[in-house]
Structure formats: C-alpha cells, structure tokens
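In case you want the letters, here they are:
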Amino acid sequence: MSRRFAWGRVARCVVFLGTGGLLSGCRGVTPLTNRIAVGQDAFVIAVGEGPDGLTDLYAAPAGSGSFTRLTFNRPEERLPKISPGGDMVAFLRAARGVSGPPWSLVILNLLNNAERAMPLPADAGGPDRLGWSRDGTRVVVFAGGYYVMAAPPGASSLQRFSPDSTALADSISRELLGEPPRAMVSDCPDGGACIVAMTGEITRLDPAARNPVRWGADSVGYFLPDGFEVRPLAGGRSRRPEWPGAPAHLRQLTQHPGAQVTTSSGVSGIR
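Note that this is a predicted model, so its numbers are computed, not measured.

(A) Representation of the sheet that holds strand S3 (residues 43-49) within the structure. Spatially, 4 strands are ordered S5-S4-S3-S21 in an open sheet, and the strand pairing comes out antiparallel. Two strands in the sheet have a free side with no partner beyond their single neighbour: strand S5 (68-69) and strand S21 (248-256).

Next up, the structure:
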C-alpha cells in the first residue's frame, strides 16, 4: 500500500505503509517546511475540504495566516489532535472507501510524514473522542470503549484500556483546560457545550458554539456560525484568528501553543 504526498512545488515523495507500520518517508521536507516550525511555533490543525471536495487535514499558524494542506487522501479523516510536543498529530481515517466505518487510528509525524496506523477492532463503535497522554507517549480514542496506541518509538499495537483504568482513559480523551488543568469541556445538562471547573462550577459557552478546544494554557476556542473565536478562561475580551482563504467546512480544530521560552528576566512564556 502506498500513499503519495504532493505540496505545490516544494517536493513530492512516497511513504510506504505496512500493517501498523511506521516506515521511512521524506525527511526534512514536508508540507509544513518553511511555513511552520513544528514544535516551536503556535499552530493549528483542522479538518477541511479542498476544491476536490475530499476531507483532509489542514495546518495554519495559530494567530493568522493561510492554511496548508497536510494530508492528501480520498478516505475521510476526522478528530485530529496535536501531540503535547507539537511534532505529531493523531487522527481517525476511514479504513476503506471514502467514508468510514471501519476506522483506523493514525499517528502522523509532522517532521518527516511517517505514519503509524492501526485499525480499530471490528466491534468498535463510532469514534467520538481522541486525546494524548500528558507525556506524549500514548493516544487514547473512545469508540464505544477506550482503546490506546503507543506513539513512536513505542511498540506498534492497539489495545483496549482495562476496565479499572477507565477514569484515566476518560481524562486523557477529554478537552482539559488550563495549565495545570483546572476545567474541562463537557456537554451541558440541557444540551450545548459547557466548561466544567474542577470545583464543579459550570459555565455555558455561546449556544451556537461547536467543536470547543483547548487554546493554550488560558483560553478555549470554538467555532461560531461566522468564524472561530478564542475566549479567555478568566474572562475578558474574546479574539478571532485571521485565516483568509480557509478550506471549506473547517471543523474539529486542534491547537499547539508553541514552545515555552524563558526570558532574561526569568519569565516563561509562549514562543
């Protein structure tokens, strides 16, 4: 099985995939080369649709800028989540045909385009949530039950989470807010999306908000009918990134805040 990547005039390459394999691809040149410093810059990845109408993943600088097509596949892709280190993205891909099920859990290395892909069990439900462990070594997906896959260079396997670890799996797959986490995104009791604080306090997001996502250490982002909005957790003025020419039907966005740097004054912040 082969997969070809093409990104304008930058480069073309072929990545060969085996069952559950992570084989060599282009190293040093990717769709993000000279556009985003992977692991350093703040950036986003989202699901979108190109001129051909096919669903793929797209990446852009977090604050403003144009989107770059990251994957080039006929099968549907969904639920992307950037790793804590910013160098990988995990997502679900329809295993056969244009749209799923069945589904495969995929980890894509953003530095070299190498992939690890494992099919979900035949009896798995539809994928609903996906998340990374805080140390970036594991990906958890909820698809009627919890499944875990190790990130490279860990062993290539997909396993069910043991019943006594359900609470841990649930926390990994949730959208946790703050650093350290002090709230999470959850469904409101009467519908819509809410922020649920560790103290139990519930704050409702805009009724029209969809696909809420952690945005850095102090904010939450979400789609509205007329764009994407970022709202500080502590209150204050919301802001909107500027992404001119974004792909059609942009959704399911995930953000990496960029590398932490320490200034001469000893203050840590985002690069």
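Resuming the write-up.
(B) Quick look at the side chain of aspartate 56. Tracing the backbone through its elements, the reader meets aspartate 56 in strand S4 (residues 55-61). By relative accessible area, which is 0% here, aspartate 56 ends up buried. For aspartate 56, the side chain forms a polar contact with the side chain of arginine 69, separated by 2.5 Å. Within the local environment of aspartate 56, its side chain forms a polar contact with the side chain of threonine 71, the two groups lying 3.0 Å apart. Those residues in contact with aspartate 56 that lie beyond four places of it in its chain are Ala46, Val47, Gly48, Arg69, Thr71, Phe72, Asn73 and Glu77.

(C) Spatial organisation of the pairing of strand S7 (residues 88-94). Most of S7 is tucked away: 7 of the 7 residues are buried. The side-chain alternation of S7 yields two buried faces, one formed by Met88, Ala90, Leu92 and Ala94 and the other by Val89, Phe91 and Arg93. Sheet topology places strand S6 (residues 77-82) next to S7; 4 bridges connect them, and they run antiparallel. Bridging across to S7, arginine 78 finds its partner in leucine 92. Taking the residues between adjacent antiparallel strands as the criterion, S6 and S7 are bridged by 5 residues, where glycine 86 takes a positive phi near 80°.

(D) Summary view of the state of the cysteines. Within the structure shown, the criterion is met by 1 disulfide. Residue pairing for cysteine 188: its cysteine sulfur links by disulfide to cysteine 194, the two sulfurs lying 1.9 Å apart. Linking cysteine 188 and cysteine 194, the disulfide has an S-S dihedral of approximately 110° and is accordingly described as right-handed. Taken individually, cysteine 188 and cysteine 194 each receive the classification buried, so the pair is uniform in this respect.

(E) Representation of the packing of aromatic side chains in the model. One pass over the structure, following the stated rule, counts 5 aromatic pairs. Ring centres 5.6 Å apart and planes at 45° place the aromatic pair tryptophan 215 and phenylalanine 228 in the tilted group. Here the residue tryptophan 215 occupies a position in strand S18 (residues 210-215), and phenylalanine 228 occupies one in strand S20 (residues 227-232), the gap between them amounting to 13 residues. Residue tryptophan 215 shares its accessibility class with phenylalanine 228, and that shared class is buried. Every member of this aromatic cluster is reached through a ring pair, and the members are Phe67, Trp215, Phe223, Phe228 and Trp243.

(F) Main features of unusual backbone geometry. In this structure, the amide linkage connecting glycine 100 to the following residue, proline 101, adopts the cis form with an omega of 0°. With respect to the helices and strands, proline 101 occurs in the loop between S7 and strand S8 (103-109). For asparagine 113, which is not glycine, the phi torsion reads 70° and is therefore positive. Among the secondary structure elements, asparagine 113 is positioned in the loop between S8 and strand S9 (115-119). Note on asparagine 113: relative accessible area 1%, which makes it buried.

(G) Highlighting the sheet that holds S7. Spatial strand order, S6-S7-S8-S9: 4 strands in an open sheet with antiparallel pairing. The two strands at the open ends of the sheet, each matched to only one other strand, are S6 and S9. Each strand axis lies, on average, 20° off the axis of its neighbour in the sheet, ignoring direction.

(H) View of the pattern of salt bridges. Scanning all chains against the criterion turns up 16 salt bridges. Glutamate 77 serves as the salt-bridge partner of arginine 93, at 3.0 Å between the closest nitrogen and oxygen. One end of the pair, arginine 93, is in strand S7; the other, glutamate 77, is in strand S6, and 16 residues separate them in sequence. The structure contains a network of salt bridges with shared partners spanning Asp128, Arg129, Asp170 and Arg174.

(I) Structural context of the pairing of S18. Bridge count between S18 and strand S19 (residues 219-224): 4 bridges; the pairing is antiparallel. Bridging from a neighbouring strand, valine 213 pairs with glycine 221 of S19. Hairpin connection, S18 to S19: the antiparallel pair is bridged by 3 residues, and glycine 216 has positive phi, about 65°.

What counts, and at which threshold
- Residues numbered from 1 in each chain as written.
- Predicted model: local features only at pLDDT ≥ 70, side-chain atom pairs only at ≥ 80, totals over all residues.
- Heavy atoms only, no water.
- Pairing = 2+ DSSP bridges.
- Helix = DSSP H or I, 4+ residues; strand = E, 2+ residues; numbered from the N terminus.
- Buried < 20%, exposed > 50% of the residue type's maximum accessible area, 1.4 Å probe, protein only.
- Polar contact = N/O pair within 3.5 Å; in protein donor to acceptor, adjacent residues only side chain to side chain.
- Contact = heavy atoms within 4.5 Å.
- Disulfide = S-S within 2.5 Å.
- Phe/Tyr/Trp six-rings, centres within 6.5 Å; stacked < 30°, edge-to-face > 60°.
- Axes fitted to C-alpha atoms, helices over the stretch in contact; angles between N-to-C directions.
- Salt bridge = Lys/Arg side-chain N within 4 Å of Asp/Glu carboxyl O.

Everything listed here is a matter of coordinates, which is why it stays silent on function.
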